[in-house]
Amino acid sequence: MSNDFRLGGDLRINRMGFGAMRLATNGFLGPARDPETGRAVLRRAVELGVDHIDTAAFYTSGDESVRANDLIREALHPYPDGLVIAAKVGPVRTPDGGAQAITDPAGLRALVEENLEALGLDRLDLVYLRIGGMAPPPHGESVAARFEALAALREEGLIRHLGLSHIDTGHLAEARAIAPVAAVQNYFHAAKRDDVALLRACEAAGIAFVPYFPLGGGLDDLADDRLAKVADRHGATVPQIGLAWLLASSPVTLAIPGTGSVAHLEENVAAGTITLTEEDLADLG
């Protein structure tokens, strides 16, 4: 299986990427992490061949003193040729430190512009419309008006490719009738495979399937006997096998594990070199 993928049919990227959520804080509302460490992680990621970074303006420390987008710009701008930066819009921070979804399509322009300004870009390579919470909204809830707003920004040249997050197959079909969908981002990993039907729909259409929290995100534990058995066979860690399984699950899956540690980054990226055998895949179910 190839280690590369053509995002949107024209952006060739490595299937092992990087998620920026944990650069600013270890979680969503935690204390700020050391900014210089975050910048070091980003520089090392690029050195290791990572050319796809997933971020968002709402990836900040709890006090908002450290922001992932600022770290990306400070560490990597001017950006190397071929680096793809994906952002997501929809949620915004609330005064109490939580988040709420912007449902007014007109409000999405400001969110896109916020990402552009912070990252120092004239155009975002990929923008996901994130809807719902940790699961898709009720089946039948329309995403059309919001997706049409982003499609208009794409026509203006502010966005190159469009994506969707927290959706089901019905939302995907609705959006594709409006504009091309390059990527889908849902919660999915070796221990949580609820969205296999959505993955197969993406595979059939050549759409990238880019799970967030590919190692469970602290919400689910990947450590079970199946993964441990295969990890022992390869002299690898359980998280590495979790990432290797994700990449082996379909040629359209991309991995975006996040971390605030250079050592953990190197471990994650190394998982991209693990080739699972048919025996491994059978053991993993």
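Everything in this summary refers to the structure shown in the same document. (Residues numbered from 1 in each chain as written. Predicted model: local features only at pLDDT ≥ 70, side-chain atom pairs only at ≥ 80, totals over all residues. Heavy atoms only, no water.)

In this section: the pairing of strand β1 (residues 4-7). Side chains of β1 alternate between two faces, with Phe5 and Leu7 buried and Asp4 and Arg6 left unburied. Two elements, β1 and strand β2 (residues 11-14), share four bridges in a ladder whose sense is antiparallel. Bridged to aspartate 4 within β2 is asparagine 14. The hairpin formed by β1 and β2 contains three residues between the paired strands, and glycine 8 there has a positive phi angle of roughly 65 degrees. (Buried < 20%, exposed > 50% of the residue type's maximum accessible area, 1.4 Å probe, protein only. Helix = DSSP H or I, 4+ residues; strand = E, 2+ residues; numbered from the N terminus. Pairing = 2+ DSSP bridges.)

Locating arginine 6 in the fold gives a position in strand β1. Sequence separation between arginine 6 and leucine 129 is 123 residues, and the spatial gap between their C-alpha atoms is 20 Å. Ignoring anything within four residues of it in the chain, the contact list for arginine 6 reads Leu11 and Arg12. (Contact = heavy atoms within 4.5 Å.)

The subject of this paragraph is unusual backbone geometry. Geometrically, the link from histidine 77 to proline 78 is a cis peptide bond, its omega value of 0 degrees lying close to zero. Within the secondary structure, proline 78 is located in the loop between α3 (68-76) and β5 (84-89). A positive phi angle, near 65 degrees, is found at glutamate 64, a position not held by glycine. Inspection of the secondary structure puts glutamate 64 in the loop between β4 (52-54) and α3. A relative accessible area of 33% places glutamate 64 in the partly exposed class. Not every positive phi belongs to a glycine, and histidine 166 is a case in point at roughly 65 degrees.

On to the layout of surface pockets. Gaps left between atoms are located by rolling a probe of water-molecule size over the structure's atoms. By volume, the largest pocket amounts to about 640 Å³. Lining the largest pocket we find 34 residues, and of these Met21, Arg22, Tyr212, Phe213 and Gly217 sit closest to its centre. For the lining of the largest pocket, the elements supplying multiple residues, two or more each, are α1 (21-24) and β7 (99-101). Here the lining of the largest pocket takes three residues from β7, the largest share from any one element. (1 Å grid on protein atoms, 1.4 Å probe; cavity = no way out; pocket = protein on both sides within 12 Å on 5 of 7 lines; lining within 4 Å. Points joined across faces, edges and corners; volume = space filled by probe spheres on them.)

At a minimum axis distance of 9 Å, the contact between helix α2 (residues 35-47) and α3 shows a crossing angle of 60 degrees. Between α2 and α3, the crossing angle belongs to the class labelled oblique. α3 is crossed by α2, and the crossing has right-handed handedness. Across from Pro35, Gly38, Arg39, Leu42, Arg43 and Val46 in α2, the residues of α3 making contact are Leu71, Ile72, Glu74, Ala75 and Leu76. Among the residues forming the contact of α2 with α3, the class breakdown is seven nonpolar, one polar and three charged. (Axes fitted to C-alpha atoms, helices over the stretch in contact; angles between N-to-C directions. Parallel < 35°, antiparallel > 145°, perpendicular 65-115°, else oblique. Left-handed = near helix turned anticlockwise from the far one by under 90°. Nonpolar A, V, L, I, M, F, W, Y, C, P; charged D, E, K, R; others polar.)

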